[in-house]
Amino acid sequence: MLNVYLSGEIHTDWRDQIEAGAKGLNISFAAPVTDHAASDDCGVAILGAEPDKFWHDHKGAKLNAIRTRMGIEEADVVVVRFGDKYKQWNAAFDAGYAAALGKSLIILQQPEHDHALKEVDAAALAVARTPEQVVQMLRYVLDGTLPG
C-alpha cells in the first residue's frame, strides 16, 4: 500500500483527477479538509468564537495543522499542488515540512511558477504539470509500468 498525501490548492478538482486515474492501484489517499469555509472556521466552531480575526484564523490553523502533520508524517509520497489563482503559502510550508522529513515529494505546478518555486522544486523528486503525470508517476513507482 502506498500512502499519498495530496496537499495544496483547494479550488480545482486536481485531487479527484488523481484519485480517479489511480483507481485500481494499491494507493491510500489523504488530504486536508478542502471545504474552504469548514477549514477556515473549524477552530471557532469547536473551541469558541473569537472577536479578533487573527485569533479566529490562529485557532483554525492550529487545528488544521494536526491533520496536515499527521497526513504528511504518515505519507510515503507527498504531492503538493500550486494553483494559479492564489498564493498558497501553506502549500509551500507543507512542501518544506515534507522535505525536512525526507518524504518523497512531487510538486504539481504550471510553468509560469517555475521561477517563484525554484527552491521548492529543487527539494522535490519530481515536478509535474498535470494530474495525469502524477498518476503515471505513482503507477510507475508501484509497478514499473510506463504510460502508453
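Procedures and definitions
Residues numbered from 1 in each chain as written. Predicted model: local features only at pLDDT ≥ 70, side-chain atom pairs only at ≥ 80, totals over all residues. Heavy atoms only, no water. Pairing = 2+ DSSP bridges. Helix = DSSP H or I, 4+ residues; strand = E, 2+ residues; numbered from the N terminus. Axes fitted to C-alpha atoms, helices over the stretch in contact; angles between N-to-C directions. Parallel < 35°, antiparallel > 145°, perpendicular 65-115°, else oblique. Contact = heavy atoms within 4.5 Å. Nonpolar A, V, L, I, M, F, W, Y, C, P; charged D, E, K, R; others polar. Buried < 20%, exposed > 50% of the residue type's maximum accessible area, 1.4 Å probe, protein only. Lys, Arg positive; Asp, Glu negative; His and termini not counted. Salt bridge = Lys/Arg side-chain N within 4 Å of Asp/Glu carboxyl O. Polar contact = N/O pair within 3.5 Å; in protein donor to acceptor, adjacent residues only side chain to side chain. Phe/Tyr/Trp six-rings, centres within 6.5 Å; stacked < 30°, edge-to-face > 60°. Patch = residues over 30% accessible without salt bridge, like charges linked within 9 Å, V, L, I, M, F, W, Y side chains within 5 Å. Areas by Shrake-Rupley, 256 points an atom, 1.4 Å probe, with all protein chains shown as cover. Core = buried A, V, L, I, M, F, W, Y, C linked by side-chain atoms within 4.5 Å. Right-handed = clockwise from strand over helix to strand, strands pointing away.

We now examine the sheet that holds strand 5 (residues 126–128). One open sheet accounts for 5 strands, arranged 2-1-3-4-5; its pairing is parallel. This sheet does not close on itself; its edge strands, each paired only once, are strand 2 (27–30) and strand 5. Across the sheet, the mean angle from the axis of one strand to that of its neighbour is 25°, orientation sign disregarded. Of the strand pairs in this sheet, strand 4 (residues 104–108) and strand 5 are connected by 3 bridges, and their pairing is parallel.

Relative to each other, helix 2 (residues 36–47) and helix 3 (residues 53–74) sit at 100°, their axes nearing to 7 Å. By the angle between their directions, the pair helix 2 and helix 3 is classed as roughly perpendicular. Contacts from Ser39, Asp40, Asp41, Cys42, Gly43, Val44, Ile46 and Leu47 in helix 2 reach His56, Lys59, Gly60, Leu63 and Asn64 in helix 3. Across the contact of helix 2 with helix 3, the residue classes break down as 5 nonpolar, 5 polar and 3 charged.

Moving on to the side chain of Lys103. Relative to the assigned elements, Lys103 resides in the loop between helix 4 (89–100) and strand 4. The side chain of Lys103 sits in the buried core without any salt bridge; Asp76 is the nearest counter-charge, 6.0 Å away. In terms of polar contacts, Lys103 uses its side chain to reach the backbone carbonyl oxygen of Ala75, at 2.9 Å.

Scanning the model with the defined rule gives 1 aromatic pair in all. Look at Phe54 and Trp55: their rings are 4.8 Å apart centre to centre, the planes differ by 90°, and that puts the pair in the edge-to-face class. Note on Trp55: relative accessible area 43%, which makes it partly exposed.

So, about a nonpolar patch on the surface. A cluster of nonpolar side chains, contributed by Tyr140, Val141 and Leu146, occupies part of the molecular surface with about 340 Å² of accessible area. Of note, Tyr140 is situated in helix 6 (residues 131–143).

A separate point is the pattern of salt bridges. The final tally for this structure, using the stated rule, is 5 salt bridges. Lys59 is paired through a salt bridge with Glu50; the nearest N and O atoms lie 2.8 Å apart. The residue Lys118 makes a salt bridge to Glu119 at a minimum N-O spacing of 3.7 Å.

Proteins that are soluble and globular tend to have nonpolar side chains buried together. Of all hydrophobic cores here, the largest spans 17 residues; its most connected members are Val4, Val79, Val134 and Leu138. Contributing elements (two or more residues each) for this core: strand 1 (2–8), helix 1 (14–21), strand 3 (77–81), strand 4 and helix 6. Apart from the residues lying within four places of it in its own chain, the contact partners of Val79 are Val4, Tyr5, Leu6, Ser7, Trp14, Ile106 and Val134.

A few words on the environment of Glu74. Inspection of the secondary structure puts Glu74 in helix 3. You can call Glu74 exposed: its relative accessible area is 52%. In this structure, the C-alpha to C-alpha distance between Glu74 and Tyr5, residues 69 residues apart in sequence, is 8.3 Å.

Turning to the pairing of strand 2, a few remarks are in order. As paired elements, strand 1 and strand 2 share 4 bridges and run parallel to each other. The residue of strand 2 that forms the bridge with Tyr5 is Ala30. Taken together, strand 1, helix 1 and strand 2 constitute a β-α-β crossover, and its handedness is right-handed.

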